[in-house]
Amino acid sequence: AVGIDLGTTNSLVASVQSGLPTILKDANGNSLIPSIVYYGQNNIKVGHEALSYLSTDAKNTIVSVKRFMGHTKSDIQYRESLPYAFDDDSDDIQIKTEQGLKHPIEISSDILKKLKDLAEVSLCGEITGAVITVPAYFDDAQRQATKDAAKLAGLNVLRLINEPTAAAVAYGLDQKKEGTFVIYDLGGGTFEVSILKLHKGIFEVLATNGHPHLGGDDFDQAIVELIKHENKITQLSHEDKRALITHAKCLKENLTNDASAKTVIKLSGGQEIEFSLDRDTFFKLTHDLVQKTIQPIRRALNDAQLSIDSIDGIVMVGGATRMMHIQSEIKAFFKKDLLNDLNPDEVVALGAARQAYSLAGNKSDQDLLLLDVTPLSLGVETMGGLVEKIIHRNSTIPIAKAQEFTTYKDGQTAMSIHVLQGERERVSDCRSLANFTLTDIPPMVAGAAKIRVTFQIDADGLLSVAAKELSSNKETSITVKPSYGLSEDQISNMLIQSFEKADEDKKIRALSEAKIEGEQIILAVQNALDKNSNKLLTQKEITGIQSAIQRLSAALNSNNPNLITEHTKNLNTLTESFAAKLMDESVSQALRGKSIDKVNF
Ligand code: ADP
Ligand code: MG
C-alpha cells in the first residue's frame, strides 16, 4: 500500500518499508515528479519528461490541473490567461490537445498512473491500495473527482486524507495525547494554513485558510521582474519567458543553501544575460510575499478562536518553506521553534504512507479518525429574504444542529424550506442549495406552530435537512451536497464580501425585521377587528386603531426602520386593551358550559 501526495506542482509516492515511511524514486533517482502532462501528437509524457514542452508547446502541456478538479468552466475565471484551448461546447472543463479532448480527471489520472508505475517498479510488485491526500478545504466534488482519477488510473483508494493531517502524522504528532498544531503549507502556487486539534488520537481540523494563488512561483516571478528591470527587457517570447522562470527558480533554490547565486541566461535572439543575486536582496525583494501569508494565519486563528500561545507546534510543509526568510519570519510570528526536520516537500507523502500502511491491515498504534470542517455557513431563508444560519462555517463535521421556526399567517398549513450557503445576510447574496416544502401543518394561529428544522452533515460532507412540525410529528427531509461546484476562489470571495458588507447587511436586516414585525401586527389587528370589532370596541376606538394602521402602513413604505418601529409600537400600545378584551372573551368562550373543576389551567 502506498501514500500519494497529488500536488499542484509536484507529486510523490511513498510506502512503509521495514517499518519506516520511505519516498519511492524512479530509475533516475527522482522522487519529486512534476505534476505536468504533455499530450503530443504521437506520445504522452508525464513528469520530468514533460517539462521541456512547457516552453516549446505550452498549449498541449498541462500544469496545475489540480486547480481544475471538481470544477466547471465557469468556476475558473482566469481561464483566459492560460495557454490552453478549452472546449466551448459544455460547461465541463475539457482541454483540446493533440491527443483529443482531455478532462481534468483524465489528466490527473495520467499523473497517478505514472506514480503507480514508479511504485510498482520500485517495490517489485503490484500495489494493493493507495491513500491519496487532498487539501483540507477540498469540497465533495473535488474529493470525488480525485477518487475518480485514481479509479481511472487503476488504483484502489483506501482513503482520501487531508494534506495537513498527513503532515502531522509524518511528524508523529498523532502519537501525542493532546495538542493544537498549525500546518503551514506553501507549495508552488498555493498557500494553505490549517489548525488541527489532536484529542484522544483524533485529529480535528479546527480551521483552514490560505491563498489560492500564492506560492514559490511568485518568488520566481519576483526574480524574473528584477532581471527584466535590470536588463531593461520589455518584450519576451513565450520561450524566453519560460527560460527566465526556470533560471529564476534555480537561483531561488540555490539561495536556500548559498549566500549568493549566479546564472547566465541565453535568450533566443542570441543575447546573453549574466545575473547574480544575493540572499539579502532576494529577502528584501520578496518580504511582502512572506507577509502575505500572515493574514490567512490570523484569520484561521480567529476562526478557531485561538491565540498564538495556545499553539503547541508549527509544521512546515511545501518546498517553498525551505526559504530561510520564511522560516525566520514564521518562527518570529509564533515565537516558537518550527517542526522542520523532515523534507517539507515529502512530509505529506510520508504521512499518507503511514496511513496506507495501517489501513492496509498492518498493525498500528491507533486508528486515526479524520474530521473536517464546513467551509461556509449553512442556513435557511426566513421572512423578508433573510438567511438564518444554522451551521456556522468552520464547524467540524459530522455535525447536527436544529432550530425552531414558526408560521407567519393564521391557518398556515405549509412552509417552504429554502436551504442556503454563504456568510451574507440576504438570500440573494448567498448560494441556493435546495428547496422543499413541509406540508400538512395543522392550521393554527400565526406563531403557534413549532417547526423544528434540523441540519445534519455526515462524515463524507453530505448535508441532509429535515423539517418537522412538533405537534403532528409530520416530517419532510431532503439530502443536498453542500458545496458542490464551489471553487476555493468563490469561497474566499464570498468570505471577503461578507466582511466588507457586514455593516450594510446589518442595516438591511434591521429594516427587514422591522417591516416583518409591522406587517405582522397590521395583519393580526385587522383580523381581530374583522371578527370582534362590533362587540368589544367603540366606534371611536376603531377609528383610532384604523388611523394607527394607516400611519404604520405609510411608515412601511418609507424604508426607515426607526420610523417603522415607532409606529409599530404605537399600534401595539393602542391595541393593548383591545387584545386583553379579546383574550378575556376567548377564555370565557372556552369556559362556557364547563364546570370549574373540569378546567385545567
Ligand atoms: P505543491 O505542493 O504545490 O505541489 P511543492 O511542495 O512541491 O509544491 O513546492 C514546490 C515549490 O517549492 C516550488 O516553487 C519550488 O521552487 C520550491 N522549492 C523547492 N525546493 C526549494 C528550495 N531548496 N528553496 C526554495 N524553494 C524551493
Ligand atoms: Mg503540496
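All values derive from a computational prediction rather than experimental measurement. Note on numbering: residues in each chain are counted from 1, in written sequence order. Naming scheme: in the order in which they are written, chains are lettered from A and ligands are numbered from 1. Predicted model: local features are reported for residues with pLDDT of at least 70 only, side-chain atom pairs are reported and counted for 80 or more only, and whole-chain, interface and lining totals are derived from all residues. Just so you know, side-chain values use all the structure's heavy atoms and leave hydrogens and water out.

(A) Up close: the overall build of the chain. Note on conventions: DSSP H or I runs of at least 4 residues are helices, E runs of at least 2 residues are strands, and numbering of each starts at the N terminus. Helices and strands together make up the secondary structure of the chain, namely 16 helices and 29 strands. Expressed along its principal axes, the backbone C-alpha trace of the chain runs to roughly 100 × 60 × 55 Å. For each residue, the accessible area found with a 1.4 Å probe, counting protein chains only, is set against the maximum for its type, and the residue is called buried under 20%, exposed over 50%, and partly exposed in between. Within the chain, buried positions represent 49% of all 601 residues. Here, two residues are considered to be in contact whenever any of their heavy atoms come within 4.5 Å of each other. Restricting to contacts in the chain with at least 6 residues of sequence separation, those with at least 24 account for 64%. Accessible area of the chain: about 28,900 Å², with a carbon and sulfur share of 48%. In this count, Lys and Arg are taken as positive residues and Asp and Glu as negative ones, while His and the chain termini are left out. Where a charge sits is defined by one atom per residue type, namely NZ (Lys), CZ (Arg), CG (Asp) or CD (Glu). If you average the places of the 65 positive and of the 79 negative side-chain charges in the chain, the two averages end up 4 Å apart. Residue exposure ignores everything except the shown protein chains as possible cover, and the areas themselves are Shrake-Rupley values with a 1.4 Å probe.

(B) The arrangement of the sheet that holds strand β25 (residues 415–421) in detail. Strand order across the open sheet formed by four strands is β22-β21-β25-β26, with antiparallel pairing between neighbours. Each edge of the sheet is formed by a strand with only one pairing partner; in this case those strands are β22 (386–391) and β26 (431–438). Pairs of neighbouring strands in the sheet enclose a mean axial angle of 30 degrees, with direction left out of account. At least two bridges found by DSSP between two strands is the condition for calling them paired. Pairing of β25 with β26, which is carried by seven bridges, proceeds in the antiparallel orientation. Pairing of Gln421 across the sheet is with Arg431, part of β26. Only the stretch in contact is used when a helix axis is fitted, and all axes are lines through C-alpha atoms; the angle between N-to-C directions ranges over 0 to 180 degrees.

(C) Just the pairing of strand β11 (residues 130–134), in detail. Among the five residues of β11, five are classified as buried, and the element is accordingly described as predominantly covered. Side chains Ala130, Ile132 and Val134 project from β11 onto one buried face, and the interleaved Val131 and Thr133 project onto a second face that is buried too. Where strand β1 (residues 2–6) and β11 come together, four bridges link them in parallel fashion. Bridge pairing in β11 places Val2 opposite Ala130. Sheet analysis places β11 next to strand β12 (residues 157–162), joined by five bridges and oriented parallel.

(D) Expanded view of the sheet that holds strand β5 (residues 36–39). In spatial order, the strands read β6-β5-β7; together these three strands make up an open sheet with antiparallel pairing. Taken across any chain shown, the strands that pair with only one partner, and hence form the sheet edges, are β6 (44–46) and β7 (61–63). Across this sheet, the average inter-strand angle for adjacent strands is 15 degrees, counted without regard to direction. Relative to β7, β5 is paired through three bridges, and the arrangement is antiparallel. Note that in β7 the partner of Ile36 across the bridge is Val63. Packing against the sheet, helix α3 (residues 104–123) makes contact with β5, β6 and β7, and its axis sits at approximately 110 degrees to β5.

(E) Up close: the site of ligand 1. By convention in this text, a residue qualifies as near a molecule or strand provided that one of its non-hydrogen atoms is within 4 Å of it. If you check the shell around ligand 1, you find 17 residues, and the closest are Thr9, Asn10, Lys252, Glu253 and Thr256. Interatomic distance of 3.0 Å between a backbone N/O atom of Ala320 and an oxygen atom of ligand 1. Here ligand 1 has 580 Å² of accessible area as a free molecule, and 90% of this is covered by the chains. Listing elements by their share of the shell around ligand 1, those giving two or more residues are α6 (216–230) and α7 (238–257). It is α7 that contributes the most residues to the shell around ligand 1, four residues altogether. Only Asp, Glu, Lys and Arg are considered charged, only Ala, Val, Leu, Ile, Met, Phe, Trp, Tyr, Cys and Pro nonpolar, and every remaining residue, Gly among them, polar. When the residues that make up the shell around ligand 1 are grouped by side-chain class, the tally is two nonpolar, 10 polar and five charged. Between N or O atoms, a polar contact is any pair within 3.5 Å; within protein, one atom must be a potential hydrogen donor and the other a potential acceptor, and residues adjacent in sequence are included only when both atoms are from side chains.

(F) Quick look at unusual backbone geometry. Positive phi values are uncommon outside glycine, yet Cys124 reaches one of about 55 degrees. Inspection of the secondary structure assignment puts Cys124 in the loop between α3 and β11. Residue classification places Cys124 among the exposed positions, given a relative accessible area of 72%. Phi at Asn473 is positive, roughly 60 degrees, even though this residue is not glycine. Mapped onto the elements, Asn473 comes out in the loop between β28 (463–469) and β29 (474–480).

(G) Highlighting the nonpolar core. By convention a nonpolar core is built from buried Ala, Val, Leu, Ile, Met, Phe, Trp, Tyr and Cys residues, the set being connected through side-chain atoms within 4.5 Å. Counting 45 residues, the largest nonpolar core has Ile297, Ile326 and Ile330 as its most contacted members. When residues of this core are assigned to their parent elements, the largest contribution, five residues, is made by α6. Apart from residues no more than four positions distant in its own chain, Ile330 is found in contact with Tyr184, Thr293, Ile294, Ile297, Ile314, Met316 and Leu338. Membership of the second largest hydrophobic core comes to 34 residues, among which are Val46, Met69, Ala130 and Ala145.

(H) Local environment of the confidence of the model for the chain. Of the residues in the chain, 91% reach a pLDDT of 70 or more, and the chain-wide mean stands at 87. Ignoring residues within four places in sequence, the model shows residues 593–601, a span with pLDDT below 50, making two contacts including any to other chains. As a per-residue quantity, pLDDT reports the predictor's confidence and falls between 0 and 100.

(I) Molecular detail of the pattern of salt bridges. For salt bridges, the criterion is a side-chain nitrogen of Lys or Arg within 4 Å of an Asp or Glu carboxyl oxygen. All told, the structure shown has 19 salt bridges when counted by the stated rule. In this structure, Glu120 engages Lys116 in a salt bridge whose closest nitrogen and oxygen atoms are separated by 3.8 Å. One end of the pair is Glu120 and the other is Lys116, both in helix α3 and four residues apart, which spans about a single turn. Look at Glu120 and you get buried, because its relative accessible area is 18%. Accessibility expressed as a relative area gives 18% for Lys116, which makes it buried. The salt bridge involving Lys249 is made with Asp220; its shortest N-O contact spans 3.1 Å. On the criterion of sequence distance, the pair formed by Lys249 in helix α7 and Asp220 in helix α6 is long-range, its members being 29 residues apart. Here Asp220 falls in the buried class, since its relative accessible area comes to 1%.

(J) Spotlight on the packing of aromatic side chains. To pair, rings of Phe, Tyr and Trp, with the six-membered ring standing in for Trp, must have centres within 6.5 Å; the planes then decide the type, stacked if under 30 degrees apart, edge-to-face if over 60, and tilted in the middle. Within this structure, the stated rule accounts for eight aromatic pairs. Every member of this aromatic cluster is reached through a ring pair, and the members are Phe68, Tyr84 and Phe86.

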